[in-house]
Amino acid sequence: MDINMPELNGFEATQKIREMERNRTRVLMFDRIPIVGMTAQMDCAANTSYEQHGIDDFLTFPVERSNLKSKVDMWIDHARNHPRPAIDTGLVLEMTQGDRAAMVK
């Protein structure tokens, strides 16, 4: 996510994505998409306040291919090491009003 995009900066765009995540029904996995902010401003990347905007990580411009690959690999490993159920069975059970037979169908 480019932090310095025109019209809607990366912080604002990220907040809108997080709002959409909060407002949707979470039936499938990945209820939170990892967002990596990108900026040329070193002080912005070093500042931990980006987390309060919903940004999970940072890269600084110019982005080197090896750094980008490392960051993507790290977030893939994170997803693998923190698995979530493919389906939120509690939510599906709630949607079927406790009817386990309907849930299986």
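Here's what I pulled together on the structure shown here. Remember, predicted model here, so these are calculated numbers, not experimental data. (Residues numbered from 1 in each chain as written. Predicted model: local features only at pLDDT ≥ 70, side-chain atom pairs only at ≥ 80, totals over all residues. Heavy atoms only, no water.)

## Overview of the overall build of the protein chain
Then, in step 1: Scanning the protein chain from terminus to terminus reveals 5 helices and 2 strands.
Then, in step 2: Taken from the N to the C terminus, the helices and strands of the protein chain come in the order α-β-α-β-α-α-α.
Then, in step 3: Within the protein chain, buried positions represent 24% of all 105 residues.
Then, in step 4: Summarising the internal contacts of the protein chain: among those between residues at least 6 apart in sequence, 40% fall at separations of at least 24. (Helix = DSSP H or I, 4+ residues; strand = E, 2+ residues; numbered from the N terminus. Buried < 20%, exposed > 50% of the residue type's maximum accessible area, 1.4 Å probe, protein only. Contact = heavy atoms within 4.5 Å.)

## Focus: the side chain of Glu21
Then, in step 1: Relative to the assigned elements, Glu21 resides in helix α1 (residues 10-23).
Then, in step 2: On the accessibility criterion, Glu21 (5% relative accessible area) is buried.
Then, in step 3: At 3.0 Å, the side chain of Glu21 forms a polar contact with the side chain of Arg18. (Polar contact = N/O pair within 3.5 Å; in protein donor to acceptor, adjacent residues only side chain to side chain.)

## Quick notes on the environment of Met1
Then, in step 1: Note on placement: Met1 falls in the segment before α1.
Then, in step 2: Residue Met1 is classed as partly exposed on the basis of its relative accessible area of 25%.
Then, in step 3: Spatially, the C-alpha atoms of Met1 and Leu59 are 9.5 Å apart, while their sequence positions differ by 58 residues.
Then, in step 4: Among residues more than four places away in sequence, those in contact with Met1 are Gly10, Ala13, Thr14, Ile17, Ile35, Val36, Gly37 and Met38.

## A word on α1
Then, in step 1: The first and last C-alpha atoms of α1 sit 20 Å apart over 14 residues, in line with the 20 Å expected at 1.5 Å per residue.
Then, in step 2: Within the span of α1, buried status applies to Gly10, Phe11, Ala13, Thr14, Arg18 and Glu21. The arc that holds the buried residues of α1, viewed along the axis, is 160°, so those residues lie on one side. More than 90 degrees from the buried face of α1, the exposed residues found are Met20 and Asn23.
Then, in step 3: Between a side-chain oxygen at the N-terminus of α1 and the backbone nitrogen of Phe11 the separation is 2.8 Å; the capping residue is Asn9. (Expected span 1.5 Å × (residues − 1). Arc of directions from axis to C-beta.)

## Quick notes on the environment of Met38
Then, in step 1: Mapped onto the elements of the fold, Met38 is located in strand β1 (residues 36-39).
Then, in step 2: Classification of Met38 by relative accessible area gives partly exposed; the value is 22%.
Then, in step 3: C-alpha of Met38 to C-alpha of Pro62: the two residues are 24 residues apart in sequence and 9.2 Å apart in space.
Then, in step 4: Residue contacts for Met38: discarding those within four places in its chain leaves Met1, Asp2, Ile3, Phe58, Leu59, Phe61 and Val63.

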